[in-house]
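Remarks on the overall topology
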Amino acid sequence: MHDLTTRPVTRQTFDEVIVPTYAPAAMVPVRAQGLDLWDQSGKHYLDFTSGIAVSSLGHCHPGVVDAATKQMNTLWHLGNGYTNEPVLRLASALVEATFADRAFFCNSGAEANEAALKLARKYAHEKFGPHKSRIVSCLSSFHGRTLFTVSVGGQPKYTEGFEPLPPSLDHIPYNDIAAAKAAIKDDVCAVIVEPIQGEGGVVPGDVAYLQALRELCNQTGALLIFDEVQSGVGRTGHFYCYQGKGVTPDILTSAKALGNGFPIGAMLTTNEIAKHLGVGSHGTTYGGNPLATTVALKVVETINQPAFLARVREASAKLFTQLAALAGEYPQVFGQVRGEGLLIGLPMAGDFKGKAKDLQKAAEAEGLMVLIAGPDVLRLAPALIVSDAQIDAAMAMLRTATAKLVAAQAK
Ligand SMILES: *Cc1c(COP(=O)(O)O)cnc(C)c1O
């Protein structure tokens, strides 16, 4: 007899007891340290996914483990009838590190965007009146899976069957200034954009485009929201991506890497805007609890250092160079490598369009975990602590995987 905690489970168990919203890999990871990960059979992998740009300090980072363990033995949770020291320190650190004056904490990227969009509606409602309620977002964007955020997101396949959807949402093509000019009129309360589209295929936003959005928002009184859930917390080699672009939003949302794998989300904004979310207007049970904010504080303290961010840019340059060389060796397989920092997309070309998943599987067989961003783009998002030797090792595995994919295709 096995008890509940030692019962044998396998990938097959997933198909029996989990709601089938995901199609996870055949192997089941059981243990990891840094970028090294092991599955149930003991096979080793190099993790170039960071759990979708989340574990940016690597798995089980000693500093984060230590901070979390101490806090676990001190105070986990209170509820919002009380504040706590870690949340006040985290908010202070984020305010110091960014344009923002104030932070709101929640548990995920979707919740951070939900808060940002609700705030933009409330701000416009109180300042201009109820007619100013339209939200503009980009095609191929991703902002989360609550009904509101998924409707704001620009991927119709994610809203199919969930109608009726919230009204007053417009979608425009990304990086298209003319389309933005046509869409951002006086009835718009918010423009939400990823400064680099992640799920949509790792597409960097043009500086001129983001600047144009800023100007259009200034002209119409709409709030500019940067969704930095994927691009934030060091991923692009800047603490937040906007700091490298030189365009400042009114509201910024953060999650994913902020907790290095412990759930936390944040919405950052200015005093002038924040005052429109008064007492009782919004909230969440866990948001800003001392355990989550202790973890995030350690993450922020570690990543927001000039030397740390400089190393991210250095590792990025090395990985870009090697990926460009691979793409040059296999022009029939790959288009031009793109992205920023350690959020990198390698588009599949020609007959290999639609085969990103096949290459992902081939890489996994070699012992390398990578992501995809849609059917056509291989996505790499290693932990920001990735070493030169790990980059070389990953490239060797990816090269072998590519050669095998090409050979299989030729059969
Ligand atoms: C992942 C992601 C989200 C959603 O975050 P969750 O924590 O899954 O709710 C929102 N926006 C962007 C840009 C993301 O990459």
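Refer to the structure printed above.
This report concerns the structure included in the present document.

Definitions and limits used
- Residues numbered from 1 in each chain as written.
- Predicted model: local features only at pLDDT ≥ 70, side-chain atom pairs only at ≥ 80, totals over all residues.
- Heavy atoms only, no water.
- Salt bridge = Lys/Arg side-chain N within 4 Å of Asp/Glu carboxyl O.
- Helix = DSSP H or I, 4+ residues; strand = E, 2+ residues; numbered from the N terminus.
- Buried < 20%, exposed > 50% of the residue type's maximum accessible area, 1.4 Å probe, protein only.
- Near = heavy atom within 4 Å.
- Polar contact = N/O pair within 3.5 Å; in protein donor to acceptor, adjacent residues only side chain to side chain.
- Areas by Shrake-Rupley, 256 points an atom, 1.4 Å probe, with all protein chains shown as cover.
- Nonpolar A, V, L, I, M, F, W, Y, C, P; charged D, E, K, R; others polar.
- Expected span 1.5 Å × (residues − 1).
- Contact = heavy atoms within 4.5 Å.
- Phe/Tyr/Trp six-rings, centres within 6.5 Å; stacked < 30°, edge-to-face > 60°.
- Lys NZ or Arg CZ within 6 Å of the ring centre and 35° of its normal.
- 1 Å grid on protein atoms, 1.4 Å probe; cavity = no way out; pocket = protein on both sides within 12 Å on 5 of 7 lines; lining within 4 Å.
- Points joined across faces, edges and corners; volume = space filled by probe spheres on them.
- Pairing = 2+ DSSP bridges.
- Axes fitted to C-alpha atoms, helices over the stretch in contact; angles between N-to-C directions.

A few words now on the pattern of salt bridges. The tally for this structure, following the rule as stated, stands at 17 salt bridges. The residue Lys-127 makes a salt bridge to Glu-272 at a minimum N-O spacing of 3.4 Å. Separated by 145 residues along the polypeptide, Lys-127 in helix 5 (residues 109-127) and Glu-272 in helix 10 (residues 271-274) bring together distant segments of the chain. On the basis of relative accessibility, which here comes to 44%, the residue Lys-127 falls in the partly exposed class. Across the pair Glu-314 and Arg-311 runs a salt bridge whose closest N-O atoms are separated by 2.5 Å. One end of the pair, Glu-314, and the other, Arg-311, are both in helix 12 (residues 306-329), 3 residues apart, so they sit about a helical turn from each other. Relative accessible area serves as the criterion here: at 49%, Glu-314 is assigned to the partly exposed category. Accessibility expressed as a relative area gives 22% for Arg-311, which makes it partly exposed. Connected through salt bridges with shared partners, the residues Lys-127, Glu-272 and Lys-275 form a single ionic network.

Around the ligand lies a shell formed by Ser-108, Gly-109, Ala-110, Asn-113, Phe-142, His-143, Gly-144, Glu-194, Asp-227, Val-229, Gln-230 and Lys-256. At a separation of 3.2 Å, a nitrogen atom of the ligand approaches a polar backbone atom of Phe-142. When the ligand sits alone it has 380 Å² of accessible area, and the protein chains cover 82% of it. Classifying every residue of the shell around the ligand by side-chain character gives 3 nonpolar, 6 polar and 3 charged.

This paragraph deals with helix 11 (residues 290-303). Across its 14 residues, helix 11 extends 20 Å between first and last C-alpha, which sits within 8% of the 20 Å expected from 1.5 Å per residue. For helix 11, a buried count of 11 out of 14 residues is recorded, marking the element as mostly surrounded by other parts of the structure. Restricting attention to buried positions, one finds in helix 11 the residues Pro-290, Leu-291, Ala-292, Thr-293, Thr-294, Val-295, Ala-296, Val-299, Val-300, Thr-302 and Ile-303. Where the residues of helix 11 are buried, they touch helix 3 (62-72), helix 4 (85-97) and helix 12. The opening residue of helix 11, the one whose side-chain oxygen lies 3.0 Å from the backbone nitrogen of Leu-291, is Asn-289.

To continue, consider the packing of aromatic side chains. Using the criterion set out here, one finds 4 aromatic pairs in the structure. Arranged with centres 5.6 Å apart and planes meeting at 85 degrees, the rings of Phe-99 and Tyr-242 form a pair that is edge-to-face. Of this pair, Phe-99 sits in the loop between helix 4 and strand 4 (102-106) while Tyr-242 is found in helix 9 (residues 241-245), placing the two residues 143 residues apart along the sequence. With respect to class, Phe-99 is no different from Tyr-242; both count as buried. For the pair Phe-239 and Tyr-240, a centre-to-centre distance of 4.8 Å together with 65 degrees between the ring planes defines the contact as edge-to-face. Overall, the relative accessible area of 2% leaves Phe-239 in the buried class. Here the guanidinium or amino end of Arg-31 rests over the ring plane of Trp-38, the centre of that ring lying 4.3 Å away. Over the ring of Tyr-158 we find Arg-145; its NZ or CZ atom is 3.9 Å from the centre of that ring.

We now examine empty space enclosed by the protein. In this approach a probe as big as a water molecule rolls over the atoms, and the regions it shows empty are the leftover space. Applying the stated rule across the entire model yields 1 cavity of 30 Å³ or more. Around the largest cavity sit Ser-141, Phe-142, His-143, Gly-144, Thr-149, Val-150, Gly-153, Gly-154, Gln-155 and Tyr-158, which together line it.

Two orientations exist for strands paired in a sheet by backbone hydrogen bonds: parallel and antiparallel. A sheet is described by the order of its strands in space; here 4 strands give the open sequence 13-14-17-16, paired in antiparallel fashion. Each of the sheet's edge strands pairs with one partner strand only, and the pair in question is strand 13 (338-340) and strand 16 (371-372). Two strands pair when backbone bridges link them, and strand 13 and strand 14 (residues 343-347) are joined in this way by 3 bridges, in the antiparallel orientation. In the strand pairing of strand 14, Glu-340 is matched with Leu-343. Packing of helix 12 onto the sheet brings it into contact with strand 13, strand 14 and strand 17 (377-380), and relative to strand 14 it is tilted by some 5 degrees.

For the rest of this paragraph, the subject is the pairing of strand 14. Most of strand 14 is tucked away: 5 of the 5 residues are buried. Here strand 14 shows no split at all, with Leu-343, Gly-345 and Pro-347 on one side and Ile-344 and Leu-346 on the other all buried. Direction of pairing for strand 14 relative to strand 17: antiparallel, over a ladder of 4 bridges. Looking at strand 17, one finds that Gly-345 is bridged to Arg-379.

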